Amino acid sequence: MKDSILLAVDEMCSILPSTNELGIGVYNHTSVAVGYASQQGNFSLGPSLSLYTMPACGVTLCGRVAGVAPGARAQADVYFVGPLGVSVSAAVDWVGGRSLVLPGGMAAMVVAGPVLRWGAK
C-alpha cells in the first residue's frame, strides 16, 4: 500500500439506555474527514454534525434535550501486526441553545479499541 490521501465518511448511532422515567436516548453522529493513509496507519480530521434526543440532568433539574449540534472529529488507526491494530477516535460537539438541563454547551466522546484492516489486492 502506498501512502495516500484519505477521504472518510463515518456514521455512528448510539442508543442511550433509560435510567429514569425520561426513557431512552438516541445520539446520531455523522462526519466527513480528510486525512493521510499509510501501511503503518492512518489519521483523519474533519467536521461533523449530530442529531440527538436524550435525557439529561443538570445540578437540580432533569429533562429531555433534543437538537442538532455541529462539531469536529479526529481518528487515528495504527497497525502493529499486519492488518491488526488499534483505533482511537475523538469527537466534540457544540450543543448550543438555551437549556436549563444542559447549560454547558459541549459534548465529548472518546472511543478506543482493536481494528482489523482488510482489502482487495
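Bear in mind the structure is a predicted one, so any value in this text is a computation, not a measurement.

Q: Provide a residue-level description of the nonpolar core, including the pertinent values.
A: Ranked by size, the top nonpolar core spans seven residues in total: Tyr 27, Tyr 52, Met 54, Ala 56, Val 65, Ala 69 and Val 95. Mapped onto this core, the elements with two or more residues apiece are β3 (41-57) and β4 (62-81). No other element matches the three residues that β3 contributes to this core. Dropping the residues within four chain positions of it, Tyr 52 is found in contact with Val 26, Tyr 27, Val 65, Ala 66, Gly 67, Val 68, Ala 69 and Val 95.

Q: If you had to explain the pairing of β3 to someone new, which residues and values would you point to?
A: Examined bridge by bridge, strand β2 (residues 25-37) and β3 share 10 bridges and lie antiparallel to one another. Its bridge partner lying in β3, Val 26 is registered against Thr 53. A loop of three residues connects β2 with β3, the two strands running antiparallel in sequence. As defined by bridge partners, β3 adjoins β4 across 17 bridges and the pair is classed as antiparallel.

Q: Tell me about the pattern of salt bridges, and name the residues and values.
A: Taken as a whole and judged by the stated rule, the model has one salt bridge. Across the pair Asp 10 and Arg 73 runs a salt bridge whose closest N-O atoms are separated by 2.7 Å. You can see Asp 10 sitting in strand β1 (residues 4-16) and its partner Arg 73 sitting in strand β4, a full 63 residues away along the chain. A relative accessible area of 24% means that Asp 10 is categorised as partly exposed. On the basis of relative accessible area, Arg 73 is assigned to the buried category, the value being 11%.

What counts, and at which threshold
Residues numbered from 1 in each chain as written. Predicted model: local features only at pLDDT ≥ 70, side-chain atom pairs only at ≥ 80, totals over all residues. Heavy atoms only, no water. Core = buried A, V, L, I, M, F, W, Y, C linked by side-chain atoms within 4.5 Å. Buried < 20%, exposed > 50% of the residue type's maximum accessible area, 1.4 Å probe, protein only. Helix = DSSP H or I, 4+ residues; strand = E, 2+ residues; numbered from the N terminus. Contact = heavy atoms within 4.5 Å. Pairing = 2+ DSSP bridges. Salt bridge = Lys/Arg side-chain N within 4 Å of Asp/Glu carboxyl O.

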